[in-house]
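Per-entry structural report
Residues per chain are reported as follows:
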Amino acid sequence: MIKQGILNYFKNLKYFFTPLGTVALGFVIGLSVLIPGIGGAASDFTERLRAVLSESSIDFSALQESVTQAVRALNWNDPLDALRTMFSAGWLTDTLNGCVDALIESSAEYTAQIGEAVAAFAGAAVTYFCVLVLFVMIGLIGGYFLTKWLIRRNIAKRPVRKYLLVSFVDSLITATLVALCVWLFSIWKPSILISSVLSLLLFGGIALFEAHLAHGWKKVDVRRIVNAQNIVKLFLTDVLILLSAWACTALIALVANMPVGVFVGIALMQIAFIVVSLNAEAYVKSVADGMQA
């Protein structure tokens, strides 16, 4: 089981570009909304400032340069953190207000109107950034399910009828276990440690039982599939696959940089989680096929 699980992970790395492609597609679509949206909001902001400050002299090119310097001052060694900061309402509001105040001697006279213009731009910028994040998340989730469908065809294909049956059993058992853990935690707080360990082992047993329903029913004795030895082996297999994916991600981040490591790690970790979720089915299917042969 352990050898088969690890081999399944590395074999299915051939789908590496599937989740990356869907994330990149979501990012591009999000940018196609973000860039013109931010441009329009910036134009509106400029026009509102011109209207408010019609009697004051303000160099808008100097204002643009001041904002550009504030953006450059962010920590771009960590692009994700810099973008999160730049598109936060607080940073946008403080930065724009500070830049305007520095360029206008009597800005106190226009505080309310300028504040409204800044708030409108900040709100629009945050909204468009959230749209970008939404499309990236859609790409991430879509890539996961597409990759899982491709991997399942290779290692654990099953009919729709069995898929629905196992999904129902899985939902019922999982809900029961979660409810039991919550109840134990409510009456005895230290039980969370014990229940967490037991839950991992129980979920391994459940996964093997469900795999038996899907692939081994009337083909293999359930006791050959669901036993303590196989539960421990399944647990070790899952841990080794996840550690392998994490180690590869960390190595890429070390050799290249953190953003590249995060981007590549999306594919490595998604495939790892997918293979982990299908390990039990792949094992039972191989045992059942072997007995039939």
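Anything mentioned here points back to the structure above.
The structure contained in this document is the topic of the report that follows. (Residues numbered from 1 in each chain as written. Predicted model: local features only at pLDDT ≥ 70, side-chain atom pairs only at ≥ 80, totals over all residues. Heavy atoms only, no water.)

1. Side note on the pattern of salt bridges
Note the cut-off: Here a salt bridge means any side-chain nitrogen of Lys or Arg lying within 4 Å of a carboxyl oxygen belonging to Asp or Glu. Where helices and strands are cited, they refer to DSSP runs of H or I of at least four residues and of E of at least two residues respectively, numbered from the N terminus. Relative accessible area decides the class of each residue, using a 1.4 Å probe on protein chains only: under 20% of the type maximum gives buried, over 50% gives exposed, and in between gives partly exposed.
What the rule picks out here adds up to two salt bridges. Note that E281 and R152 form a salt bridge whose closest N and O atoms lie 3.0 Å from each other. Pair noted here: E281 is in helix α11 (residues 258-292) and R152 is in helix α6 (residues 111-155), with a separation of 129 residues, a long-range link. With respect to burial, E281 and R152 carry one shared label: buried. Notably, a salt bridge pairs D221 with R223, separated by 3.0 Å at the nearest N-O pair. On the basis of relative accessibility, which here comes to 39%, the residue D221 falls in the partly exposed class. Accessibility expressed as a relative area gives 64% for R223, which makes it exposed.

2. Observations regarding the packing of aromatic side chains
In plain terms, the rule: By convention, a stacked pair of Phe, Tyr or Trp rings (six-membered ring in the case of Trp) has centres within 6.5 Å and planes under 30 degrees apart, an edge-to-face pair has planes over 60 apart, and any other such pair is tilted. Any Lys NZ or Arg CZ that is within 6 Å of a ring centre and within 35 degrees of that ring's normal is treated as a charge sitting over the ring.
Applying the stated criterion across every chain, the model contains five aromatic pairs. For the ring pair F45 and F121, a centre distance of 5.7 Å and an interplane angle of 40° mean the geometry is tilted. With F45 in helix α2 (residues 17-52) and F121 in helix α6, this pair connects stretches of sequence that are 76 residues apart. Of the residues examined, F45 reaches a relative accessible area of 7% and is grouped as buried. Using a relative accessible area of 13% as the deciding quantity, one classes F121 as buried. Here the basic side chain of R153 rests over the ring of W149, its NZ or CZ set 4.6 Å away from the ring centre.

3. Details of the packing of helix α1 (residues 2-11) against helix α10 (residues 228-255)
Spelled out, the test is: Only C-alpha atoms enter the line fits that serve as axes; for helices the fit covers just the stretch in contact. Angles between N-to-C directions range over 0 to 180 degrees. For classification, angles of less than 35 degrees are called roughly parallel, those exceeding 145 degrees roughly antiparallel, those between 65 and 115 degrees roughly perpendicular, and all remaining angles oblique. Helix crossings fall into two classes, left-handed where the near helix is turned counterclockwise from the far one by less than a right angle and right-handed where it is turned clockwise. The contact definition used throughout considers only heavy atoms, calling two residues in contact when any of these lie within 4.5 Å.
As a packed pair, α1 and α10 sit with axes 9 Å apart at the nearest point and diverge in direction by 30°. When the interaxial angle is binned, α1 and α10 end up roughly parallel. Read as a crossing pair, α1 and α10 show a hand that is right-handed. Along its contact with α1, which presents I2, G5, I6, Y9 and F10, the element α10 presents K233, L236, T237, L240, I241, S244 and A245.

4. Details of the environment of L132
Within the secondary structure, L132 sits in helix α6. Exposure remark for L132: the relative accessible area of 7% places this residue in the buried category. Residues within four places of L132 in sequence aside, it is in contact with F27, G30, L31 and L34.

5. So, the nonpolar core
The test is simple: Only buried residues count toward a nonpolar core, which is a set of Ala, Val, Leu, Ile, Met, Phe, Trp, Tyr and Cys residues joined through side-chain atoms within 4.5 Å.
Formed by 21 residues in total, the largest nonpolar core has its most connected members in F45, F87, W91, L92 and F121. Put simply, the parts of the chain that give this core at least two residues each are α2, α4 (79-86), α5 (89-103) and α6. The biggest single contributor to this core is α6, with eight residues. Leaving out residues up to four positions away in the same chain, F87 has contacts with L34, I38, L92, A125, V126 and F129. Listed in part, the 20 residues of the second largest apolar core include A156, A245, A267 and L268.

6. Digging into a positive patch on the surface
Our working definition: In this analysis, a patch consists of residues with relative accessible area above 30% that form no salt bridge, clustered at 9 Å for like charges and at 5 Å for the nonpolar side chains Val, Leu, Ile, Met, Phe, Trp and Tyr. Each accessible area value is a Shrake-Rupley result obtained with a 1.4 Å probe; residue values ignore everything except the protein chains displayed when judging cover. In this count, Lys and Arg are taken as positive residues and Asp and Glu as negative ones, while His and the chain termini are left out. Just so you know, the charge point we use is NZ for Lys, CZ for Arg, CG for Asp and CD for Glu.
The grouping of K11, K14, R153 and K157 at the surface amounts to a positive patch. Along the chain, K11 falls in helix α1. The class of K11 is exposed, set by a relative accessible area of 56%.

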